[in-house]
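# Structure assessment
What follows is each chain in one-letter form.
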Amino acid sequence: MPDKKNTLAPSRSEILASGYVVPESTRCVQCGICTFNCPIGIDVRRYVWLEKHVIDSYCLTCGECVNRCPRGVLRFERINLFREREQ
Amino acid sequence: MTRHVIVGMGVAGVSAAEAIRSVDRSAEILMVTNDPNGFYSRPGLAYYLTGELPEQQLYIYSKEDWRRLNVKQLKAKAVRLLPMEHKLALDHSSPLAYDRLLLATGTTAAPLSVPGADLKNVMYLDHLEDTRAILDRVRYTRTAVVVGGGVLALELVEGLAAHKVQVHFFLRGDRYWSNLLDEVESHLVEDRLEHEGVRVHPNTEIAEILGSRGSVSAVRTVQGETIGCGMVAVAIGARPRIELAQAAGLEVERGILVNETMQTSAPDVFAAGDVGQVYDPLTGRKTLDMLWNPAREQGRAAGLNMAGSAAVYRRLVAVNVLRLGGVMTTIIGAIGSGKDDSPLSIMRGSSETWQQLPNTIAVANGGGVNQLRLLLGERTITGALLMGEQTLSLPLQELVSGQVDITPIRQQLLHPDSPLGELLMEFWLNLSADRKNVA
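Predicted, not measured: the structure shown is a model, and the values here were computed from it. (Residues numbered from 1 in each chain as written. Chains lettered and ligands numbered in written order. Predicted model: local features only at pLDDT ≥ 70, side-chain atom pairs only at ≥ 80, totals over all residues.)

## As for the overall build of chain B
Along chain B, the regular secondary structure elements total 11 helices and 26 strands. In terms of overall dimensions, chain B has a C-alpha envelope of 70 × 65 × 40 Å along the principal axes. Relative to its full complement of 439 residues, chain B shows a buried share of 46%. Taking as baseline every contact in chain B between residues at least 6 positions apart, the subset at least 24 positions apart corresponds to 63%. (Helix = DSSP H or I, 4+ residues; strand = E, 2+ residues; numbered from the N terminus. Buried ≥ 20, exposed ≤ 12 C-beta atoms within 10 Å, placed from the backbone. Contact = placed C-beta atoms within 7 Å.)

## Structural notes on the interface of chain A and chain B
Listed by partner, the interface residues are 14 residues for chain A and 18 residues for chain B. Per-element tally for the side of chain A that touches chain B: the top contributor is helix 2 (residues 33–37) of chain A, with 3 residues. Across the side of chain A that touches chain B, the residue classes break down as 6 nonpolar, 5 polar and 3 charged. (Nonpolar A, V, L, I, M, F, W, Y, C, P; charged D, E, K, R; others polar.)

## Remarks on the packing of helix 1 (residues 11–23) of chain B against helix 8 (residues 292–306) of chain B
Residue and element names in this part refer to chain B. For the pair helix 1 and helix 8, interaxial distance at closest approach is 7 Å and the crossing angle is 35°. Classified by chirality, the crossing of helix 8 by helix 1 is right-handed. Contact with helix 1, carried on its side by Val11, Ala12, Gly13, Ser15, Ala16, Ala17, Glu18, Ala19, Ile20 and Val23, involves Trp292, Ala295, Arg296, Gln298, Gly299, Arg300, Ala302, Gly303, Leu304 and Met306 of helix 8 and no other residues of that element. Of the residues assigned to the contact of helix 1 with helix 8, the class counts are 12 nonpolar, 5 polar and 3 charged. (Axes fitted to C-alpha atoms, helices over the stretch in contact; angles between N-to-C directions. Left-handed = near helix turned anticlockwise from the far one by under 90°.)

## Regarding the sheet that holds strand 19 (residues 269–271) of chain B
Residue and element names in this part refer to chain B. Across the sheet, 5 strands lie side by side as 3-2-1-7-19; this open sheet has parallel pairing. The open sheet has two edge strands, strand 3 (72–75) and strand 19, and neither has a second partner. Between one strand axis and the next, the sheet turns through 20° on average, direction left out of account. Relative to strand 19, strand 7 (residues 100–103) runs parallel, the two sharing 3 bridges. Among the inter-strand pairings, leucine 101 is bridged to a residue of strand 19, identified as valine 269. (Pairing = 2+ DSSP bridges.)

## Quick notes on the environment of B:Leu88
Residue and element names in this part refer to chain B. Structurally, the position occupied by leucine 88 is in strand 5 (residues 87–90). Leucine 88 gets classed as buried once you count the C-beta atoms within 10 Å, which come to 25. For the pair leucine 88 and glycine 421, spaced 333 residues apart in sequence, the C-alpha separation works out to 53 Å. Not counting the four nearest positions on each side in its chain, leucine 88 is found in contact with Val5, Ala78, Leu81, Pro95, Leu96, Tyr98 and Leu101.

## Some words on the sheet that holds strand 12 (residues 199–201) of chain B
Residues and elements named next belong to chain B. Here 5 strands make up an open sheet; going across it, the order is 9-16-10-11-12 and the pairing parallel. The open sheet has two edge strands, strand 9 (122–124) and strand 12, and neither has a second partner. Averaged over neighbouring strand pairs, the angle between their axes works out to 25° when direction is ignored. Where strand 11 (residues 166–170) and strand 12 come together, 3 bridges link them in parallel fashion. Residue pairing for strand 12: phenylalanine 170 is matched across the bridge by histidine 201.

## A look at the confidence of the model for chain B
In this model, chain B carries an average pLDDT of 91, and 95% of its residues clear a pLDDT of 70 or more. Here the predicted complex scores 0.89 on pTM and 0.88 on ipTM. (pLDDT = per-residue confidence, 0-100.)

## Digging into unusual backbone geometry
Both trends apply: most residues other than glycine have a negative phi, and most peptide bonds are in trans. Residues and elements named next belong to chain B. Backbone geometry at asparagine 70 places phi at a positive 55°, although glycine is not the residue there. If you trace the backbone, asparagine 70 turns up in the loop between helix 3 (63–69) and strand 3. A positive phi is found at arginine 213, a non-glycine position, where the angle reads about 50°. With respect to the helices and strands, arginine 213 occurs in the loop between strand 13 (206–212) and strand 14 (215–221). A tally of 7 C-beta atoms within 10 Å means that arginine 213 is categorised as exposed.

## So, the pairing of strand 26 (residues 381–387) of chain B
Residue and element names in this part refer to chain B. Burial runs high along strand 26: 7 of the 7 residues are buried. Note that strand 23 (residues 327–333) and strand 26 share 5 bridges and pair antiparallel. The residue bridging isoleucine 332 from the neighbouring strand is alanine 384, located in strand 26. Pairing analysis gives 6 bridges linking strand 25 (residues 370–376) to strand 26, with the strands arranged antiparallel. When the bridges of strand 26 are listed, leucine 372 appears paired with leucine 386. Joining the antiparallel neighbours strand 25 and strand 26 is a turn of 4 residues.

Right, dumping it as structure tokens:
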């Protein structure tokens, strides 16, 4: 039987290496559930207020903010798509 | 040095202050509010009520943010506006002179007008103070009655149910939010509420609230039923706070009338947020939106104009994301029945345009909690409602707000058995690919 930890590890690191949390600020009402649930204390709400991608070197891309947001403001976006957008 | 005075400290007021500061480092900005709690997320109160958020989390600005914005805050009530003299009278201090003034006074909950409505524990969900009072009361109450429609009433129902209170939800009509939702959608919400232990009472209105020692003890309905309860929570509508403007002779209707630059009929007086009734050049109507994002955008446009930078507020298609019976729901544009079964047609968290009924055909399909309904005009999608799965939300927002010509798939969408979601997704992906190729 494959070691569960080992099979999960690559996909997690893949997400970590290739994804950001991206807000759709028009849906946000600044309730702060994202910030409250971030396990490492990133002020996600502030990024959304400033209409910025959540680019924080400490972000684990754990998805806690994405899942907890009651208004579907946050989503993961791959870096390559994000770069295309910036051009 | 220009002196800007902003009345109200909700999102429109703060957004205006940010906009002024972004173009003028030295202007004096004074914010006047009589809310002791200042700037916090009002829509967040619903999540504070359910216990998903602690109170402290509702505050959006840190001390550092306030320091950077560099505004003076005055805890006072504005009692009179003298537009010709450019002065604002306050309750406890001398009148304030201003160069430009913004009225961002928001709304207040419409009161219930039945005998007993002034009893203790008849409650509203308007301010942080109200939410605190409800949270205090749920510790001593086993049963509550909630009256109203729309999203605010539902937030009260869900908030109270989260604290194990037996909730009786009174609906004026035969189903929940019948001027906006279709039958399938209403019943989906009602079924989920019932599953959580909420008793939904269609076609029910309060005739009288009964009290004991000054506090709510029961309600008697028009239909003749008496239900014992320790609390009545009310969300029957919202009224823009126009009194200051009205008494000063500014042009008002349901809200304070403003043009595209958020200026009222008085020189140097602007209005924004829930209180602003904005002229929309596309429809020729003057519309109220009681939504967070339009309030922020209006505040921004007002602030820029106050600071002398020309900015036009372009009213966008009204979008809101709601949680209805625990199901995430996005409403985009006009999707209503055109009927109006509530005494006040608008409340916080909604837009007047949702209820309008343009010349459209509704198509819908779904299964379980995933529902999709589209309102099709001759060539465009004029409105959409999406419940549950939200993948289509962004595409739909773009298709509706961009008034994208959907002629290539319109016939397929109208076909009774067609998979609307798949058709739309495919159409949108092709459209995005085409755009990229053109670029």
